[in-house]
Amino acid sequence: YMPLVEVQVVCIRRYAKELVDVPIFLATEMSAADSVVSRVLELENVHLISLSDSESEFLESRVAAFKYLPEDYDFVLPLQEDFWLDRAPDYVALKEAVDIMSSDSAVQSIRLMPSPGPHESDLIYKGRWAILSEKDTYRFTFQATLWRREPYVEFLEAVIQSGKSEYSLSSYTNWSKF
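Nothing here was measured: the structure is a model prediction, and the numbers come from that model. (Residues numbered from 1 in each chain as written. Predicted model: local features only at pLDDT ≥ 70, side-chain atom pairs only at ≥ 80, totals over all residues. Heavy atoms only, no water.)

This part covers helix H3 (residues 58-68). The element H3 is extensively covered by neighbouring structure, given that 8 of its 11 residues are classed as buried. Every buried residue of H3 is listed here: Leu-59, Glu-60, Ser-61, Arg-62, Val-63, Ala-64, Ala-65 and Phe-66. Tucked inside the fold, the buried residues of H3 contact strand E1 (24-28), strand E2 (46-50), strand E3 (75-76) and helix H5 (149-166). (Buried < 20%, exposed > 50% of the residue type's maximum accessible area, 1.4 Å probe, protein only. Helix = DSSP H or I, 4+ residues; strand = E, 2+ residues; numbered from the N terminus. Contact = heavy atoms within 4.5 Å.)

This is the structure we're talking about:
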């Protein structure tokens, strides 16, 4: 998937020019000397987070990346190499999401894509934003969601631990291979 990263980051920098001041952190176990990685790192405001091979599994890589991320980033928007920028970003929605999270410490994440949801009976939080409930098909998604850094890491660590115990994988470090 790494060649997709280059296309995605180029598209973000080309079509979301207002976000050029927002850093992009590329977390990978691949070396900065790799041809694709080196080209991505040449793009404006792109930084490498180097992961070890033991941190390269699907969930473990996300946890490790956030632990290596500089501490001054409270809000994060995790993206995967297959997240395509298919239109200009909704800067109003992004600003609203950041404003909500800045002013309400109870809000841990804001989903920026329906994927599907929210359910029609969900309570309206503010304007276009709703509070997800048990009626929502997916209360978590890997689709574009703005997160507070610590709750995201805690959630992923809980999923990893739950998976290990549910599938009796306590002796197997990287359960997500299953």
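Moving on, we get to the packing of H3 against H5. Interaxial distance between H3 and H5 falls to 10 Å at its minimum, and their mutual angle equals 150°. Classified by the angle their axes make, H3 and H5 are roughly antiparallel. Crossing handedness for the pair H3 and H5: left-handed. Packed against H3, whose contacting residues are Leu-59, Glu-60, Arg-62, Val-63, Phe-66 and Lys-67, the element H5 presents Arg-149, Tyr-152, Val-153, Leu-156, Glu-157, Val-159 and Ile-160 at the interface. The residue makeup of the contact of H3 with H5, split by class, is 8 nonpolar, no polar and 5 charged. (Axes fitted to C-alpha atoms, helices over the stretch in contact; angles between N-to-C directions. Parallel < 35°, antiparallel > 145°, perpendicular 65-115°, else oblique. Left-handed = near helix turned anticlockwise from the far one by under 90°. Nonpolar A, V, L, I, M, F, W, Y, C, P; charged D, E, K, R; others polar.)

Now for unusual backbone geometry. The residue Asn-45 is not glycine, and still its phi comes out positive at about 60°. By the secondary structure assignment, Asn-45 is in the loop between helix H2 (35-41) and E2. Given a relative accessible area of 23%, Asn-45 falls into the partly exposed group.

Looking now at the pairing of strand E7 (residues 145-148). With burial as the criterion, each face of E7 is covered, one bearing Thr-145 and Trp-147 and the other bearing Leu-146 and Arg-148. Examined bridge by bridge, E3 and E7 share 2 bridges and lie antiparallel to one another. Following the sheet pairing, Val-76 is matched in E7 by Trp-147. Strand direction decides the pairing type here: strand E4 (residues 109-111) and E7, joined by 3 bridges, are antiparallel. Across the sheet, residue Ser-109 finds its bridge partner in E7, namely Trp-147. (Pairing = 2+ DSSP bridges.)

With that settled, consider the nonpolar core. In this structure, Val-63, Phe-66, Leu-69, Val-76, Tyr-152 and Leu-156 are the most contacted members of the largest nonpolar core, which totals 13 residues. Counting only elements with at least two residues in this core, the list comes to H3 and H5. Residues contacting Leu-156, with those up to four places away along its chain left out, are Leu-59, Arg-62, Val-63 and Phe-142. In this structure, Met-2, Ile-24, Leu-26 and Val-37 belong to the second largest nonpolar core, which totals 11 residues. (Core = buried A, V, L, I, M, F, W, Y, C linked by side-chain atoms within 4.5 Å.)

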